Amino acid sequence: MKLDLGFIDALGRMTLRFFKSAGELVIFTGQAIYHSLTPPFYPKEIGRMMVEIGFYSLPVVALTTLFSGMVIALQTYAGFSQFSAEGSVSLVVLVAVTRELAPVMAALMVAGRIGAAMAAEIGTMRVTEQIDALSTLNTNPMKYLIGPRVIAGVLMMPVLVLIGDIIGICGGYLVGVTKLEFNATTYLISTWNYLKPMDIISGMTKAAVFGFIITLLGCYNGFNSKGGAQGVGQATTNAVVSSSILVLIFNYILTEMFFKM
Amino acid sequence: MKKEIQISMKDVHKSFGSHHVLNGVDLDVYKGESVVIIGGSGTGKSVSLKCLLGLLTPDSGTIKMNTKNIGMLFQGAALFDSLTVWENVAFALLQNRLINRTEAKKLAIEKLAQVGLGKEVADVYPADLSGGMKKRVGLARAIATNPDVIFFDEPTTGLDPIMSDVINNLIVDTVKKLGATALTITHDMASARKIADRIAMLYQGKIIWIGSVAELDKTDNAFVRQFVAGSANGPIKMEVKAN
Ligand SMILES: Nc1ncnc2c1ncn2[C@@H]1O[C@H](COP(=O)(O)OP(=O)(O)OP(=O)(O)O)[C@@H](O)[C@H]1O
Ligand SMILES: [Mg+2]
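Just so you know, these numbers come straight off a predicted model, no measurement behind them.

S.K.: Can you walk me through the overall build of chain B in this structure?
M.R.: A tally of helices and strands in chain B yields nine helices and nine strands. Its C-alpha atoms give chain B a radius of gyration of 18 Å, within 12% of the compact-globule value 18 Å for 243 residues. For chain B, the spread of C-alpha atoms along the principal axes amounts to about 55 × 40 × 40 Å. Looking at chain B as a whole, 50% of its 243 residues qualify as buried. Considering only contacts in chain B between residues 6 or more positions apart, those separated by 24 or more positions represent 65%. Looking at chain B, you have 29 positive and 25 negative side-chain charges, and the mean spots of the two groups are 2 Å apart.

See below:
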């Protein structure tokens, strides 16, 4: 009988801990939004973060979207040629890349690069008392550290995805023309004709939301890290895992919202 | 003339979980005075400063501070490692856009000179400095805005005896010339004697003794005598027994 009680005890403790951290995250999100939108702003920090997120993530985002576009062209052809619907390859590449692959791939790559780096940097600042030092120097740590990162994430992710869209479509085009022997001009024209602004816009909207999620969780985990180097390592892992999962969940939610458009 | 109180702690309690660190700290520091807190390692000296700074919220008790212009030297220096040394020193001035970058750098180099650092370190990143140098940069940053109240958490730890004396003189000067109020934590009794108007001893979460340097040598408080003598024998027992 004693065993049962221990189990219930542990379950209760776990549930409480879950709701406590969920509540903390909600409060942190509110604070992050508030401090991102109210002055003072730190243009130099925002610029530094925009370069970090936008520019240095370009190679990984370009590579992943290129190969995603290529593989989609191959797979669609394999499936659609059975119904003599090869002509739709360019459409599928277009829709898959702009609506799904570019935003999700870019977000997962950025989560690994930027989310981890932010959690590590802010976590180190926390355990070495640099965050405390900021407050003693009349600077609000939320405004100085979190505002610029969230702003840069929300602004730069859509740009990255737009570039990823172009590269992914080019990947599909390359495979279509070289491997699947489509006529280059016909492929381009059909891509152009199928192109709908809503495809691009929905992908970029997703990207902005993902940029928010990634930077928010990077900051949140860093800000709340404790216990030296080990704690910072833990924060980094948590940031990447939790933001990747949330990106995929929100991807579904947003897709459903955009489904009819 | 009645002395004006600048910093006041009344019955301050602070626990971390079941660990009671501060058990009713009472301390008044007058304007323009230099008070030194001594006490064993882990007795809550740094925690007291953090409560005063508002970085930790006490569980109970009241804290009053008659100014917002405060400087703080952290025990581990806490320099921003993404910024150069001079940007660290001039951080508050730059962020609050009080002066432009050229002026700020000039001022930072001046402050660095006061802590015995040449202008060649100005453009270096903190990671490339020695422990003692970091401490001095932290000190320069703490005094850069000419604060009314300055907290020093072990300013001379990790410094050679000569540099320690330079820093002691700097603290004395800052208090005397700028009329600042200083609250310093130290284990270095030579430093304490030099900079303190009054010395307070923290033991088991309370201020158990406070008095001038002259009184320190005459006190019959066994705890204070043991601490000042640096003796392992006395009422303060260090927990080194392996049980
Ligand atoms: N954020 C915290 N969480 C939990 N415990 C803490 C925290 N900060 C301090 N403590 C505990 O409070 C006690 C006092 O710490 P404090 O840093 O004030 O010591 P100290 O008097 O400054 O010692 P030292 O002279 O070694 O610097 C220590 O036992 C420490 O473990
Ligand atoms: Mg300490």
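Moving on from the coordinates now.
S.K.: It is not clear to me how the pairing of strand β1 (residues 5-16) of chain B should be interpreted in this structure. Could you clarify?
M.R.: Regular strands place side chains that alternate from one sheet face to the opposite one. Residue and element names in this part refer to chain B. Taken together, the nine bridges between β1 and strand β2 (residues 19-30) define a ladder with antiparallel strand orientation. Opposite Ile-7, over in β2, you have Val-29 as the bridge partner. Here β1 folds back onto β2, and the loop between the two strands holds two residues, one of which, Gly-17, carries a positive phi near 60°. Across five bridges, β1 lies against strand β4 (residues 60-65) in antiparallel orientation. Among the inter-strand pairings, Ile-7 is bridged to a residue of β4, identified as Met-65.

S.K.: What's the story with the environment of Thr128(A) in this structure? I'm lost.
M.R.: Residues and elements named next belong to chain A. Note on placement: Thr-128 falls in the loop between α4 (89-127) and α5 (130-136). Using a relative accessible area of 32% as the deciding quantity, one classes Thr-128 as partly exposed. When the C-alpha positions of Thr-128 and Gly-6 are compared, they lie 38 Å apart, and in sequence the two are 122 residues distant. Engagement of the side chain of Thr-128 in a polar contact is seen with the backbone oxygen of Thr-124, the distance being 2.7 Å.

S.K.: Is there a simple way to explain unusual backbone geometry in this structure?
M.R.: The bulk of non-glycine residues show a negative phi, and the bulk of peptide bonds are trans. In the segment running from Pro39(A) into Pro40(A), the intervening peptide bond is cis, with an omega of 0°. Even without glycine at this site, Asn138(A) takes up a positive phi of about 60°. Within the secondary structure layout, Asn138(A) lies in the loop between α5 and α6 (141-178). With a phi angle near 70°, Ala77(B) is a residue other than glycine that sits in the positive phi range. Examined against the element boundaries, Ala77(B) turns out to sit in the loop between β5 (70-73) and α2 (85-89). Ala77(B) sits in the buried class, given a relative accessible area of 3%.

S.K.: For this particular structure, what's the right way to read the coordination of the magnesium ion (ligand 2)?
M.R.: Ideal coordination angles are 109.5 degrees for a metal with four donors arranged tetrahedrally and 90 or 180 degrees for a metal with six donors arranged octahedrally. Donor atoms from the polypeptide that coordinate the magnesium ion (ligand 2) comprise Ser46(B) (OG) and Gln75(B) (OE1), at 2.0 to 2.2 Å from the metal. Placement of Ser46(B) in helix α1 (residues 45-53) and of Gln75(B) in the loop between β5 and α2 is noted, with a sequence separation of 29 residues between them.

S.K.: Looking at this model, I keep getting lost on the interface of chain B and chain A. Mind explaining?
M.R.: It is common to report an interface's size as the accessible area lost on association of the parts. Taken residue by residue, the interface counts 23 residues in chain B and 19 residues in chain A. Approximately 1600 Å² of surface area, both sides summed, lies buried where chain B meets chain A, with 53% of it carried by carbon and sulfur atoms. Our count for the chain B to chain A interface comes out at two salt bridges. For Glu87(B), the salt bridge is made with Lys44(A), and the minimal N-O distance between the two is 3.7 Å.

S.K.: Hey, could you run me through the side chain of Thr186(B) in this one?
M.R.: All names here are of chain B. On the secondary structure map, Thr-186 appears in the loop between β7 (181-185) and α7 (189-195). One polar contact links the side chain of Thr-186 to the main-chain amide nitrogen of Asp-188, over a distance of 3.0 Å. The residues touching Thr-186, leaving out its near neighbours within four places in the chain, are Val-36, Ile-37, Ile-38, Thr-156, Ser-191 and Ala-192.

S.K.: Just checking my understanding: could you explain the nonpolar core for this structure?
M.R.: Nonpolar side chains in soluble globular proteins tend to end up buried together. Core analysis: the biggest nonpolar cluster contains 48 residues, and Phe28(A), Leu145(A), Ile146(A), Phe223(A), Phe80(B), Phe151(B) and Leu183(B) have the highest contact counts within it. With 47 residues, the next largest nonpolar core counts Leu94(B), Leu170(B), Ile195(B) and Ile199(B) among its residues.

Scoring rules and cut-offs
- Residues numbered from 1 in each chain as written.
- Chains lettered and ligands numbered in written order.
- Predicted model: local features only at pLDDT ≥ 70, side-chain atom pairs only at ≥ 80, totals over all residues.
- Heavy atoms only, no water.
- Helix = DSSP H or I, 4+ residues; strand = E, 2+ residues; numbered from the N terminus.
- Rg over C-alpha atoms; globule rule 2.2 N^0.38 Å.
- Buried < 20%, exposed > 50% of the residue type's maximum accessible area, 1.4 Å probe, protein only.
- Contact = heavy atoms within 4.5 Å.
- Lys, Arg positive; Asp, Glu negative; His and termini not counted.
- Charge placed at Lys NZ, Arg CZ, Asp CG, Glu CD.
- Pairing = 2+ DSSP bridges.
- Polar contact = N/O pair within 3.5 Å; in protein donor to acceptor, adjacent residues only side chain to side chain.
- Donors = N, O, S within 2.8 Å, 3.2 Å for Na, K, Ca; no water.
- Buried area = accessible area lost by both parts, 1.4 Å probe.
- Salt bridge = Lys/Arg side-chain N within 4 Å of Asp/Glu carboxyl O.
- Core = buried A, V, L, I, M, F, W, Y, C linked by side-chain atoms within 4.5 Å.

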